[in-house]
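# Structural overview for review
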Amino acid sequence: MLRSFIAGRQILSCGRGLFFGPATKFSVKTSSWGFVSARILSTKPNLCSCQQQNDLQKTTKLPDGFWKEVKTKVTPYAQLMRIDRPIGSWLLFWPCAWSIGLAAAPGCWPDPVILGLFGAGAFIMRGAGCTINDMWDRDIDAKVERTKGRPLVSGQLTQTDALALLAAQLGVGCAILLNLNWYSVVLGASSLGLVVLYPLAKRVTHWPQLVLGMTFNWGALMGWSAIQGTVNWSACLPLYAAGICWTIMYDTIYAHQDKVDDALLGIKSTALRFGENTKTWLTGFAIAMTSGLTTCGLVCHQTWPYFASVALVSAHVAHQISTLNINNPQDCARKFISNHQVGFLLFLGILLGTLLQGPEKKQLPKAQIIHEKQLVMQ
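Presented here is a report on the structure given in the accompanying data block. (Residues numbered from 1 in each chain as written. Predicted model: local features only at pLDDT ≥ 70, side-chain atom pairs only at ≥ 80, totals over all residues. Heavy atoms only, no water.)

Looking now at the overall build of the protein chain. Scanning the protein chain from terminus to terminus reveals 21 helices and two strands. Looking at the protein chain alone, contacts between residues at least 24 apart form 75% of all its contacts between residues at least 6 apart. Total accessible area on the protein chain stands at roughly 20,500 Å², and carbon and sulfur atoms take up 66% of it. (Helix = DSSP H or I, 4+ residues; strand = E, 2+ residues; numbered from the N terminus. Contact = heavy atoms within 4.5 Å. Areas by Shrake-Rupley, 256 points an atom, 1.4 Å probe, with all protein chains shown as cover.)

The following block contains the structure:
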């Protein structure tokens, strides 16, 4: 810095310029020197400030052991909610998305805010359902090879921990639900009985998959009511029935993974009920599903992309059934997970089909027709 200052004084003393060698000339104005020297003198405080900031960051950095401890405590709760297995949340979300898409105005995209609310609700409530199921089945899960590592069985969490988590999940779910209209709030709250009933159903009937289907596809009713303010039963009931048939299909495939343990423990399922005739039963439910989806599309005046997606869904399901090996747990797991594609294909068909709809109205609920007539009269 001292050498720079001396060089500057020499430049000022030379007046117009200074020569360094035979070919290089530097010219510096007197008025510029104050700015240059100020910048040079100001570098030290800036360097000190940066150094102090780096030292502060070093002193406030949390030790690695802290994050390991947090991960150790949080992981059992995440496993209880099945965060590591998101397929269940997707299967709960798709019927909601179908209904929201079908209820959208012709030529329009579905409401992204409503889709986001139902997506968050599906994630939370699927986790709540898993918590309830594990609280019911703790003793049973300990005797099944696939489930004996779950947090409540292994002792990582207690029943009190699970109850506290459930209370938090239901609280968040209620907060999400309250963002919808009151018709949807009441309709959504009425499904809680089915959520609690499912773990009990497999102890008393071979049709717990039917109860699960009624629970998982409740969004087929709620999605429409969230958009329209009420339910168009002529459109939503066929969609709801199709969803129930779909759930019975994929959860029967899923249940074949545990059929040996379930038979020993006295747990009932459609997998045990159908037995070696599983493919025949699943074919019947696949036909019923396709019929329900077709009826819903006709009621909603859907266009060709919707019906094309229904055909693709039917082909996908037919391939699942024809290639299914009910005695291979790995194959059953793969077939179960592939149903995420079924939900996406149908939703894509609904989006495109609704965008191509003409200006004619959808089939309106009776209450909405009366309301529009009153507006015209006024």
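This part is about the pattern of salt bridges. Side chains bearing opposite charge may pair, as long as their charged atoms lie close to each other. For the structure on display, the rule yields eight salt bridges. Close ionic contact of Asp141 with Arg150 constitutes a salt bridge, the shortest N to O distance being 3.4 Å. One salt bridge in this structure joins Asp258 and Arg146, with 2.3 Å as the shortest N-O distance. Residue Asp258 is found in the loop between α14 (233-255) and α15 (259-265), and its partner Arg146 is found in the loop between α7 (138-141) and α8 (151-154); the two are separated by 112 residues along the sequence. Judged by relative accessible area, Asp258 falls into the buried class, the value being 10%. Overlapping salt bridges bring together Arg82, Asp134, Asp141 and Arg150 as one network. (Salt bridge = Lys/Arg side-chain N within 4 Å of Asp/Glu carboxyl O. Buried < 20%, exposed > 50% of the residue type's maximum accessible area, 1.4 Å probe, protein only.)

Looking at the second largest pocket, its volume works out to about 160 Å³. Split by residue class, the lining of the second largest pocket holds one nonpolar, three polar and five charged. (1 Å grid on protein atoms, 1.4 Å probe; cavity = no way out; pocket = protein on both sides within 12 Å on 5 of 7 lines; lining within 4 Å. Points joined across faces, edges and corners; volume = space filled by probe spheres on them. Nonpolar A, V, L, I, M, F, W, Y, C, P; charged D, E, K, R; others polar.)

As for its placement among the helices and strands, His316 is situated in helix α18 (residues 304-323). Note on His316: relative accessible area 17%, which makes it buried. Look past the residues within four positions of His316 in its chain and what remains in contact with it is Ser338, Gln341 and Val342.

According to the stated counting rule, one finds two cavities of 30 Å³ or more in the structure shown. For the largest cavity, the calculated volume is near 40 Å³. Met249, Tyr250, Ile253, Leu282, Val317, Gln320, Ile321 and Asn339 are the residues that line the largest cavity. Put simply, the parts of the chain that give the lining of the largest cavity at least two residues each are α14 and α18. Its residues placed into classes, the lining of the largest cavity shows six nonpolar, two polar and no charged.

Attention shifts here to the packing of helix α6 (residues 112-136) against helix α9 (residues 159-177). For the pair α6 and α9, the least separation of the axes is 9 Å and the interaxial angle reads 155°. Classified by the angle between their axes, α6 and α9 sit roughly antiparallel to one another. For α6 against α9, the interelement crossing comes out left-handed. Every residue of α9 that contacts α6 at Leu117, Ala120, Gly121, Ile124, Met125, Gly127, Ala128, Thr131, Ile132 and Met135 is listed here: Gln159, Ala162, Leu163, Leu165, Leu166, Gln169, Leu170, Val172, Gly173 and Ile176. Grouping the constituent residues of the contact of α6 with α9 by class yields 14 nonpolar, six polar and no charged. (Axes fitted to C-alpha atoms, helices over the stretch in contact; angles between N-to-C directions. Parallel < 35°, antiparallel > 145°, perpendicular 65-115°, else oblique. Left-handed = near helix turned anticlockwise from the far one by under 90°.)

Here the focus is the side chain of Asp137. As for its position among the elements, Asp137 is in the loop between α6 and α7. Exposure remark for Asp137: the relative accessible area of 2% places this residue in the buried category. Apart from residues lying up to four places away in sequence, Asp137 is in contact with Lys202 and Arg203.

Quick look at the environment of Thr323 now. Relative to the assigned elements, Thr323 resides in helix α18. Separated by 44 residues in sequence, Thr323 and Lys279 have C-alpha atoms that sit 9.7 Å apart. Apart from residues no more than four positions distant in its own chain, Thr323 is found in contact with Asp331 and Lys335. A polar side-chain atom of Thr323 sits 3.4 Å from a polar atom in the side chain of Lys335. (Polar contact = N/O pair within 3.5 Å; in protein donor to acceptor, adjacent residues only side chain to side chain.)

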